[in-house]
Amino acid sequence: MAEVDTSGLQVPEDVRLKLAELDLELSEGDITQKGYDKKRQKLLAPYKHTSKVPDVSSPNSEPSPQTSAQRKAQRRLTREDNRYHSEIRTEAVMQALAAHSKKIPVMPLPSKRTSVNYHGQQRQRDSRQESSSDDDSIYDDEANRNFHRGARSRDSGASSSSSFSDVSASPRHSERPRSAAYVKYQIPGNTSRQALADVMQSARHSQHISQPPDVTNNAKSSRQADRVGRGVSSVRVAGNVGMDMDSDSPRHQGKVAAKIQQLMNTLKRPKRKPLTEYFVEEDDALESPPADPNAPKPEGSTLTPVPGDQLVVPSGLPRNLEAALHRYGSSTYKALAVTVLDQNGKPTVNLTYGKLLSKTQKIAYNLLNKVGQKGEVPIKPGDRVALVYPNNDPISFINGFYGCLMAGVVPVPVEVPTSRRDAGGQGVGFMLGSLNVCHALTSEACLKGLSKTANGDVVTFRGWPRLSWLSTDSMSKLPKDWQPPPKTSEDVPAYVEVKEIQNRSDTYTTGKDGSTVGVTVTRKGAFCHCQTLTVACNYTEGEVMVCVLDFKRDVGLWHGILCSVFNGMHVIFIPYSLMKVDPASWMKMITKYKASCAIVKSRDMHWGLLAQKDHKDVNFSSLRLLLVADGANPWSLTSCDAFLNAFQSKGLKPEAICPCASSSEALTVSVRRPGRTSSSATGRGILSMQGLSYGVVRVDSENSLTSLTLQDCGQVMPGAVMIVVKIEGAPYLCKTDEVGELCVCAGYAGVQYWGLQGITVNTFQVQPLQSDGRPAAGDKTYVRTGLLGFLGPGGLVFVCGSKEGLMQISNRRHNTDDIIATVLAVEPMKFIYRGRIAVFSIEVLKDERIVIIAEQRPDCPEEESFQWMSRVLQAVDSIHQVGVFCLALVPPNYLPKTPLGGIHLHETRKKFLEGSLHPANVLMCPHTCVTNLPKPREHRPDRDVTPSAVHVGNIVQGARMAWAQGRELNMADEEGDGSRKHQFLTEILRYRAQATPDHNLFTLLNSKHGQTGKAWPPQVQIQLSMSCSQLHKRAERIGCLLMEKGKLNTGDHVALLYPPGIELIAAFYGCLYVGCVPVTIRPPHPQNVTTTLPTVKMIVDVSKSSAIMTNGNIIKLLRTKEAIGVVDVRAWPPLLDSDDLPKKKLTAIYKAPTPEMMCYLDFSVSTTGMLAGVKMSHAAATALCRCVKLQCEFYPSREACLCLDPYSGLGFALWALASIYSGHHSLLVPPSEVEANPAVWLSAVSMYKVRDTFCSYGVMDLCTRGLGTSTAALKAKGLNLSCVRICCVIAEERPRIQLTSSFTKLFADLGLSYRAVSTSFGCRVNIGISFPGAACPEPTTVFVDLRALRNDRVTLVEKGSPHSLCLMESGKLLPGVKVAIANPETKGQCADSHLGEIWVSSPHNANGYFTIYGDDSLHPDHFDASLATGDTQSSYARTGYLGFVRRTELTQSDGGRHDALFVVGSLDETVMLRGMRYHPIDIETSVLRSHRKICECAVFTWTNLLVVVVELDGNENEALDLVPLVTNSVLEEHYLIVGVVVVVDPGIIPINSRGEKQRMHLRDGFLADQLDPIYVAYNM
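Owing to the predicted nature of the structure, the values given are computational and were not obtained by experimental measurement.

## A look at the side chain of Q711
As for its placement among the helices and strands, Q711 is situated in strand β19 (residues 707–711). Taking the relative accessible area as the measure of exposure, Q711 reaches 6% and is therefore buried. A distance of 3.4 Å separates polar atoms of two side chains, one belonging to Q711 and the other to S636.

## What about the packing of helix α11 (residues 353–369) against helix α12 (residues 394–407)?
Direction vectors running N to C along α11 and α12 enclose 55°, while the axes themselves pass 8 Å from each other. Classified by the interaxial angle, the pair formed by α11 and α12 is oblique. You can see that α11 and α12 cross each other, and the crossing is right-handed. On α12, the residues that touch L356, L357, K359, T360, Q361, I363, A364, L367 and L368 of α11 are I398, N399, G400, Y402, G403, C404, M406 and A407. Residue composition of the contact of α11 with α12, by class: 11 nonpolar, 5 polar and 1 charged.

## Brief notes about the nonpolar core
By size, the foremost hydrophobic cluster in this structure holds 97 residues, and its most contacted members are F401, Y402, L441, Y495, Y539 and I561. In terms of residue count, α12 provides more of this core than any other element does, 9 residues in total. Residues within four places of Y539 in sequence aside, it is in contact with L533, T534, M545, H559, C563, N567, M569, C597, I599, R624 and L625. If you look at the next biggest cluster of nonpolar residues, it comprises 93 residues, including L989, M1176, I1327 and A1437.

## Re helix α15 (residues 523–537)
The end-to-end C-alpha separation of α15 is 21 Å, in line with the 21 Å expected for 15 residues at 1.5 Å each. Among the 15 residues of α15, 13 are classified as buried, and the element is accordingly described as predominantly covered. Following α15 by one or two positions, N538 adopts a phi angle in the positive range, close to 60°.

## Structural notes on the pairing of strand β51 (residues 1396–1401)
Burial runs high along β51: 5 of the 6 residues are buried. As paired elements, strand β50 (residues 1378–1382) and β51 share 5 bridges and run antiparallel to each other. Bridging across to β51, I1381 finds its partner in I1398.

## Describing the sheet that holds strand β45 (residues 1317–1319)
Here we have 7 strands laid out as an open sheet, ordered β34-β33-β42-β41-β43-β44-β45, and mixed in their pairing. Each of the sheet's edge strands pairs with one partner strand only, and the pair in question is β34 (1020–1027) and β45. On average, each strand axis in the sheet is inclined to that of its neighbour by 20°, with strand direction left out of account. Where strand β33 (residues 1000–1007) and strand β42 (residues 1225–1228) come together, 3 bridges link them in parallel fashion. Residue F1002 lies in a different strand from β42, and its bridge partner there is S1226.

## With respect to the sheet that holds strand β30 (residues 884–890)
Taken together, the 4 strands give an open sheet; going across it, the order is β28-β29-β30-β31, and neighbouring strands pair in mixed fashion. At either margin of the open sheet sits one strand with a lone partner, and together these are β28 (832–844) and β31 (921–924). For this sheet, the mean angle separating the axes of adjacent strands, direction not counted, is 15°. Where strand β29 (residues 847–856) lies against β30, 6 bridges are found, and the strand directions are parallel. When the sheet's bridge partners are listed, E855 is paired in β30 with V890. With respect to the sheet, helix α25 (residues 905–914) is in contact with β28, β29 and β30, its orientation differing from that of β28 by roughly 60°. Docked against the sheet, helix α44 (residues 1522–1534) engages β28, β30 and β31, running at close to 25° with respect to β31.

## Quick look at the environment of H1053
Relative to the helices and strands, H1053 is located in strand β35 (residues 1053–1057). Among the residues examined, H1053 registers a relative accessible area of 8% and is labelled buried. It is 4.5 Å that separates the C-alpha atoms of H1053 and S1105, two residues lying 52 residues apart in sequence. Excluding residues that lie within four positions of it along the chain, H1053 makes contacts with V1077, V1079, S1103, K1104, S1105, S1106, A1107, M1158, L1161 and F1410.

## Some thoughts on the environment of K613
Position of K613 relative to the elements: it lies in the loop between α19 (602–610) and β15 (625–628). On the basis of relative accessible area, K613 is assigned to the exposed category, the value being 59%.

## A short note on the pattern of salt bridges
Applying the stated criterion across every chain yields a total of 49 salt bridges. Residue D1101 pairs with K1097 through a salt bridge whose shortest N-O separation is 2.8 Å. You can see D1101 and its partner K1097 sitting in helix α31 (residues 1089–1102), 4 residues apart, about one turn around the helix. With a relative accessible area of 15%, K1097 lands in the buried category. For R1130, the salt bridge identified is with D1128, shortest N-O distance 2.9 Å. A single network of salt bridges, built from pairs that share partners, joins E1469, E1484, E1496, K1557 and R1559.

Definitions and limits used
Residues numbered from 1 in each chain as written. Predicted model: local features only at pLDDT ≥ 70, side-chain atom pairs only at ≥ 80, totals over all residues. Heavy atoms only, no water. Helix = DSSP H or I, 4+ residues; strand = E, 2+ residues; numbered from the N terminus. Buried < 20%, exposed > 50% of the residue type's maximum accessible area, 1.4 Å probe, protein only. Polar contact = N/O pair within 3.5 Å; in protein donor to acceptor, adjacent residues only side chain to side chain. Axes fitted to C-alpha atoms, helices over the stretch in contact; angles between N-to-C directions. Parallel < 35°, antiparallel > 145°, perpendicular 65-115°, else oblique. Left-handed = near helix turned anticlockwise from the far one by under 90°. Contact = heavy atoms within 4.5 Å. Nonpolar A, V, L, I, M, F, W, Y, C, P; charged D, E, K, R; others polar. Core = buried A, V, L, I, M, F, W, Y, C linked by side-chain atoms within 4.5 Å. Expected span 1.5 Å × (residues − 1). Pairing = 2+ DSSP bridges. Salt bridge = Lys/Arg side-chain N within 4 Å of Asp/Glu carboxyl O.

Structure representation (structure tokens):
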């Protein structure tokens, strides 16, 4: 291949930078030489002049200046941990991705708002940058500056191409431009980021989408009002279409719809075919992954215990650690014991053995004799003391450690606590408390750096016990004749090593990840360990050792602190802060001191390889032992081989590299003996990863793409015996070709978890069993190591993973390190930091799911990052045959860190599960991962059972048919009521005006204006009061206005546009007085004219209103410039101002020829977005009022307080009709008053001592939220609710038990009875079906099984049962009302154990829908339906709501048992998924519980995908936290996979006047790209 010299070419700067990056990748091994040549040739092809010139990247030539500069700038950013790098793995991944690209459709890109960027997520993590790094790429201040600069530049670019500034992208937009009536938002950042990327350019909007918003209330500051201005809603006319429109009709083909279609394409090939069986209700409904019949099984013989070499202790070794310290501290007191390098790499701080002995004796003396003299707790031999020293001060630590040993005190080394970095700190504090630690030893410098209180004392850190801090640098002198106390026993604890369980697969220890345990090592065990390591590693006196590891734990403690003093060695400690600056410092020290031993990790070897400029001065000829502490990691082999290849010419001997395996419980598990060159001394195995996933050892070919090459970790330790037991269950011995957990029997192993006797037995006292259950090792007990592996020939130990990194998914085991290696093989250099990847599993739907979290580079483009994530998913699926449940990228330096800078896995997992990780990108793949969903229910038309057959089956089984009936209507019930003889409400009003002219019918209340802030509770004042006579006269004058100015004829429709009040009532009766048909309409909101006025216009047009009756203020509003911009004033029918009434008296009041004629039109928008108007006849209106009167026992002497919307349904009937019929006094409180002052309604109830009050869910919610902390003040001011007999919520939905319960509990202190709060139910076909009564039993609640409910079955369960749902009955059936539960498809009557549609028969059923074209084709099916079985003679109206009837143990007033009606939900709103019926409210309840920042949510379906929209009440950087939690909760509780998760601002979900969500409007807005979402996640 032709090579090109760039020095003689005119190469642009950007190309030179790319060449520099390419050189950097080659130097770090991130690209092969072949790939490097191809990419380089492609970059230089346009500029080359010659076909063959010398290669600038050859070893003999110097790199270009650009390359040098680039390397210098990036040096500290590119020292990532490369231990997982593998050429074979990279090749395997590339082939897998190539295969995937041919068959997998392109995945849709998530949509993100421009303002969601990293700088909003950056927390104050300066402390983390101060800590030394363990497994991470080093992220320095320069990178931090570059990162912020990159974020700012992205934002500036986005804002420059966006139609809004960054301010408009804040969580709450105070202003947002809108275009007339039909809103179409411009999404900030759509241009630059493609927040809703157009993946199918041809699928754009072909027409403008008209979406007039829904009817909203008159709130000025309420949440609903906010939704009006923000939510996108539409109204569908219920004409010929009917109530049940197809929710999945392809209405909008926008960008979002195209993306969803793209998502559907990725799901066309499911993992398994749908099954035909019906859904099973029991817990075993979740399918267990079937066992693979072709899975390999172990075939070898049962393993026998493998002993190590005999422990032959050389003569002349000290008898214990104190004796060794005395020997070398006196005989060779000038010999160096410890040398520490400073930040410049200079060995400036030294400690001789003489100094070590004297300081140790001084510390021991002070601990036993000086502590406790000032009143604190004294220290006695056997007490535990915390050693708190920084990682760069091994000298102070070794002094304190041996001082404790000499005094007989038990040292507990822990990390320095900081308030800024406390990942795992609380567990350490709990462990110290369990150890009864009262004192902490530290250095003077560390003590000064700890956080202090105002008094100068060290603060008590979170979870820590109160400690007395002692500085080992300022202790009093030692008396000459003092001697340490003699040791009574060698079986007492020598030290306690604190260990944190990182992964919950470690079930044999704590069973809970994140728990902290203390491994106890006895004096005898520590001494034996030193002897064993001395023999295994051939340590001799005077040797020089270089140690890079943490000296407070594990291998660093055992070799650098214990064995070094035991053998009189000189240890050179390399602080990690220096390793970040000079990664070759440890190699320089080996060369300088001619060290014979070095203790490192594979990461340090890799970093040393990168420091190429220092290689020429390195000499390893003196090195006989290079101990690789993490040799148990399968991927350390690459670093060992690369290091040997690079430095064998520098004197490094192959036999000097000695991997070892270790664990906190068993201490050193194995180590390769240094100096052995025989073929049996080392070993390698090329194993099948598929076999390992089944726990079987199978040899694979060397060039296999799915193989794992393992190196041995040495032989069994001298004097020890090793076995391999099964990972799960009882400790049965494994077979020779089976992977299990390594267990060690040795005199040096740990003896217990401090204070945890139960799990100590399971870990430290394991008795292996033969296959027949007999003990395999006699009386010997073994210690579990937590390492997974097998034993090879010659006692070689092979480790292929650890229990902490084990993930068992669908009967297969996967190791986190293997997954990390695959992830890193997918071109990670441009996207993530190599060493900053966390892999763990979470339990979802009774199986483990893989989660991958990685730190993203700051300059990584959004689209490329997503493409890389998609490739990772494909690679893991191909290599490991397992799906990734969630892949998330977080900003740089963002994952929780351990004290040495590695990833704190438990804290990362905890933050992920609690939703506080704040990722920058999330990709969920539940469709490919979750394969154990319950069997879908498949409807087979050929197997449908006829309703008659079902009916016969119910009779045979003795099932009760589902029906209920209110009490009979008798004429005797209303004897003595003069109004009963009238059939029309107008006649009744005129009768009352003559009989009781001065009787007050209505009083409009509001909170007193001008009161000071001290006036609490608010004073209620009368705004307007009207008697029977006044109302009658007012109605007559309005009738004259309609006849004279309006020129209206009998039967004309008149729209009434009034705020809630008495004027609306007067106008209503004014219309009836002249024979006009009134249509009550909510007036437009003054602050949201553009969004509310189109709905008013639509109802006026649909109702065919000939005139509009309103007041002067609203007429002025309709003529404003803003209103004219939406609806031209000339487009309205004649506007009649009721403020200007004629003084004439109506000559005659109109009386309809028959009561069946239409009295008024009732228009309302259903929750499915349907605008439906029903016709109410005079007879139905009168019958309804009669039923309400009888149920509530209303009489003229009674008072009722109303706080609800008076425009439709039962709310209008109570507001305008019931008082006229019954003559009771109605106190009217507009809901807008409660929004301004939540206590005004309850104050009115208390002031007037009202027995019956009625409200909406919106009003109840406002009181609950607004008065939650004010009940004491209300009670002190005398507010008393003990007078309330009925507090009824008027609704057309399932009772909201949580809200009513909260309301009852909150105001119970004010005297509100729990029996008083109840609900009612009405719908379009019958606005009053059930209603609480004065003599009715208290509301009944039941708990039903959600899983049965999905299959239209009702199964009662106990409270607290899994999958239980609490339902409350919807009031008591009104007199004369009869309901039946029918199958909505077959129309057969259901038994009471089935869920069906509620059918109702009553005198006050509506007369039919009012349609534009006068077509009554829907009438027979909706208003005159007959049951196919059961009571086939009665005529019913179909409510469109699903429910069931249950006979209770309660007794009604007539002595019969009470039949309770339970409303479950609207039939039109249910979604059919997996052959089952789901109610959106149930899914939404689960979603609301998943995260505390979700303030509201709504669900709908589109093309068989479940879409969840959640409102985020928090910062935008928290949006992506919600995606996995929402997906998990819906999976766990409903067995459904969420297809799309949309995160929006609060107030986006549209809500109608009754407080019901308008889900279909929300769907239309989403598909039309009008929601301005913060984030849209498309789950794969």
